[in-house]
Amino acid sequence: MTRTQKIILALALIGAFIGVLDTSIVYTGTVKIASQLHLNAGALSWVQVSYALTYAGFMLIGGKLGDLYGRKPLFILSLIIFGLGSLAVGASMNATMIIGFRALQGIGAAVLAPNCLALLTDTFEGQARQKVIGYYASVIGAGAAIGLVIGGFFATFASWRIGFYINGPIAFIMVIIALKVLAKPEKQTGNLDWLGTILSILAMTSISYGLDGSPWRVPTLIVSLVFWIAFIYSQGRVNHPTMPLEIFKDRERTASYLSSLLFSSAGIGFWFYTPQFMQRSLGYSPFVTALGMVPMAVLLFVIAVQARKLVQKWGNARVMVIGFIVVILSMAELSAIAHSANYWLLLIGTLGFAVGFALAFATLATSGLVRIRTEISGAASGVYNTARQFGGALGLAIFAAFTEKLTGISDVFGKSMLIGVGLTFVGLILVLIFIVPMERK
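Within each chain, residue numbers correspond to sequence positions counted from 1 in written order. Where local features are concerned, this predicted model is filtered to residues with pLDDT of at least 70; where side-chain atom pairs are given and counted, the filter is 80 or more; whole-chain, interface and lining totals use all residues. Only hydrogens and water are set aside when side-chain values are computed; all heavy atoms of the structure are taken into account.

For the protein chain, an unreviewed UniProt entry supplies the name MFS transporter and the organism Lactococcus hircilactis. UniProt positions are given in the numbering used here, feature names are shortened, and annotations may be inferred rather than shown by experiment. The annotation that UniProt attaches to the protein chain under Subcellular location (unreviewed entry) is "Cell membrane".

Novice: For this particular structure, what's the right way to read the environment of Ile 7?
Specialist: Assignment of secondary structure puts Ile 7 in helix H1 (residues 3-24). Residue classification places Ile 7 among the partly exposed residues on the basis of a relative accessible area of 21%. A C-alpha to C-alpha distance of 9.2 Å links Ile 7 and Leu 182, two positions 175 residues apart in sequence. Leaving out residues up to four positions away in the same chain, Ile 7 has contacts with Ile 177 and Val 181. Secondary structure counts use DSSP, requiring at least four H or I residues in a row for a helix and at least two E residues in a row for a strand, with both numbered from the N terminus. Accessible area is worked out with a 1.4 Å probe on protein chains only. A residue is then buried under 20% of its type maximum, exposed over 50%, and partly exposed in between. Every residue pair with non-hydrogen atoms within 4.5 Å of one another is taken to be in contact.

Novice: When you look at empty space enclosed by the protein in this model, what are you seeing that I'm missing?
Specialist: Empty space among the atoms becomes visible once a probe the size of a water molecule is rolled across them. Here a cavity denotes a set of grid points, spaced 1 Å apart and computed over the protein atoms alone, in which a 1.4 Å probe fits but from which it cannot get out, and a pocket denotes an open set meeting protein on both sides within 12 Å along at least five of seven lines; residues with an atom within 4 Å of a point are reported as lining. Grid points are joined across faces, edges and corners, and a volume is the space filled by probe spheres set on the points. In the structure shown here, the tally under the stated rule is one cavity of 30 Å³ or more. Empty space within the largest cavity amounts to approximately 40 Å³. Ile 25, Val 26, Gly 29, Ile 33, Gly 151, Trp 160, Gly 163 and Phe 164 together form the lining of the largest cavity. Across the lining of the largest cavity, the residue classes tally to five nonpolar, three polar and no charged. Any residue that is not Ala, Val, Leu, Ile, Met, Phe, Trp, Tyr, Cys, Pro, Asp, Glu, Lys or Arg is counted as polar, Gly included; the first ten are nonpolar and the last four charged.

Novice: Explain unusual backbone geometry to me, please; I cannot follow it from the model alone.
Specialist: Working note: non-glycine residues mostly have negative phi, and peptide bonds are mostly trans. Despite not being glycine, His 38 shows a phi value in the positive range, around 55°. Relative to the assigned elements, His 38 resides in the loop between helix H2 (30-37) and helix H3 (41-69).

Novice: Can you help me understand the packing of aromatic side chains in this one?
Specialist: Aromatic rings considered in pairs are described by the distance between their centres and by the relative angle of their planes. In this analysis, rings of Phe, Tyr and Trp, with Trp reduced to its six-membered ring, are considered paired at centre separations within 6.5 Å, and the interplanar angle assigns stacked below 30 degrees, edge-to-face beyond 60, and tilted for intermediate values. Summed over all chains, the structure comprises 22 aromatic pairs. Whether a charge sits over a ring comes down to the Lys NZ or Arg CZ being within 6 Å of the ring centre and within 35 degrees of the ring normal. One cation-aromatic arrangement involves Arg 102 over Tyr 51; the distance from NZ or CZ to the ring centre is 4.1 Å.

Novice: Hey, could you run me through the layout of surface pockets in this one?
Specialist: What the second largest pocket holds in volume is close to 520 Å³. Forming the boundary of the second largest pocket are 20 residues, of which Trp 228, Met 243, Phe 248, Leu 261 and Val 383 lie nearest the centre. Secondary-structure elements contributing two or more residues to the lining of the second largest pocket are H3, helix H9 (194-211), helix H10 (217-235), helix H11 (251-280) and helix H15 (377-403). When residues in the lining of the second largest pocket are grouped by element, the largest group, five residues, is from H11. For the lining of the second largest pocket, the residue count by class is 16 nonpolar, four polar and no charged.

Novice: Even after reading the chapter, I still don't get a nonpolar patch on the surface, so can you show me in this structure?
Specialist: To count toward a patch, a residue needs a relative accessible area over 30% and no salt bridge; like charges are then connected within 9 Å, while nonpolar side chains (Val, Leu, Ile, Met, Phe, Trp, Tyr) are connected within 5 Å. All accessible areas in this document rest on Shrake-Rupley with a 1.4 Å probe, and a residue is counted as covered only by the protein chains that are shown. Any carboxyl oxygen of Asp or Glu within 4 Å of a side-chain nitrogen of Lys or Arg constitutes a salt bridge here. A contiguous nonpolar patch, built from Phe 172, Ile 173, Ile 176, Ile 177 and Leu 179 and spanning about 460 Å² of accessible area, is present on the exposed surface. Among the secondary structure elements, Leu 179 is positioned in helix H8 (residues 167-181).

Novice: Even after reading the chapter, I still don't get the environment of Leu 346, so can you show me in this structure?
Specialist: Turning to its location among the elements, Leu 346 is positioned in helix H14 (residues 343-367). Remark: the alpha-carbon pair of Leu 346 and Leu 334, spanning 12 residues in sequence, is separated by 6.4 Å. Excluding residues within four positions of it along the chain, Leu 346 makes contact with Phe 277, Met 278, Leu 282, Leu 334, Ile 337 and Phe 413.

Novice: Mind showing me how you'd approach the packing of H1 against H3 here?
Specialist: A packed helix pair is summarised by two numbers, namely the angle formed by the two axes and the spacing between the axes. The axes used here are C-alpha line fits, helices contributing only the stretch in contact, and every angle between their N-to-C directions lies in the interval 0 to 180 degrees. Where H1 contacts H3, the axes come no closer than 10 Å and their chain directions differ by 145°. Only Gln 48, Tyr 51 and Tyr 55 of H3 make contact with H1, whose side of the interface consists of Gly 19, Asp 22 and Thr 23. Across the contact of H1 with H3, the residue classes break down as two nonpolar, three polar and one charged.

Novice: Sorry, what's going on with the domain arrangement of the protein chain here?
Specialist: The extent of an interface is frequently quoted as the accessible surface area lost upon association of the parts. Taken domain by domain, the protein chain holds domain 1 (1-188), domain 2 (193-239) and domain 3 (244-440). Marked domain ranges trace back to an automatic or database domain assignment. The distance between the C-alpha centroids of domain 1 and domain 3 comes to 22 Å. Domain 1 puts 27 residues into the contact, and the matching count from domain 3 is 28 residues. When two parts are brought into contact, each loses some accessible area as probed by a 1.4 Å sphere; the total of that loss over both is the buried area. Contact between domain 1 and domain 3 buries roughly 2300 Å² in total, counting both sides, with carbon and sulfur atoms accounting for 80%. Linking domain 1 with domain 3 are zero salt bridges. Among the secondary structure elements, those contributing two or more residues to the side of domain 1 that touches domain 3 are H2, H3 and helix H6 (126-157). Counting residues per element, the side of domain 1 that touches domain 3 draws most heavily on H6, at 11 residues. Per-class residue counts for the side of domain 1 that touches domain 3 are 18 nonpolar, eight polar and one charged.

Take a look at the structure:
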């Protein structure tokens, strides 16, 4: 590996790391953020929803822009947007500011993520490419775990704001290095589906707002339905669609996208409410909360790395089913112990969730790309990742809508875990009906 390749590898891995880091860094600091900025439960959920929505909405076009205008300018632009957004989030003084700047930060992350991976695939070949992509996957897993600890540490011993402030200097240094190291971009010809992108963002945002925040819930959801219909219709009419409808002709792929969305919706309830439960019900500080979740995060990482071996032994669909069932049982256990201030009972559920979560996500990604033409494999991957990100935003909106009248964190946590069981169960049914039979053929 040459010196330039090492630097590009470092840039791509750090870029991927900070993007994932700022997804999880919020979780252990939510109680402090809500207290200092006087956020109610709905506003607090939108601190994460706004980030997830723009992350999902701009991810498809982020990769396409890199294809058309070159990795270098898009990588640098995404770092600037992400860095400025992070600094602005850290300086936020009220709900409007932090929600708005989290959305800006999400746009930066959405453009950064696909271009980090593309830098690796453009720079490395053969076995070296497989090796660095493995590094990439490991860094993403580590970022989620480390984000919990860092967020809890700063929220306890300094300020939750520092977790966002540090992104500014890191992004600035990466921009300087990228300007010197990355090759001059080679532009390609092609068109961007701006109409489809705008309609998809409006559709995702309106359904989330309709479920959580809108004073006119039913009219907002009706408007959202119109946006969804318009978006799907547009994708069948344009020459270069953001989401080629051909992707959905295969039932296994379609089931994978829907199951991923439902699974992410359920999972976000665990990530968002478990730290709050540990702080408000068990009385832990944000840092102790983060440490209490470390065993779960480490186990999730280990299982994710070993998932491929299990798939080779048992098959993709069987491992997926096991993952879904383990998550259902774990969230049911967490719901049952919601009024018990016992960390060890909580630990059992979190460890089970880690195992199931890792197994299901590793296998859903594989099903999302089966029997796909090479020409649209990138679009299929983008649809899978968008479904996963949007699932998180939609899930938080669902949880907020169904727990808005509850005041005690134990009640909110218990009901959220139960809702998570329901969402995961529907996903499991889709897997059993559409994915398992296809693997048996």
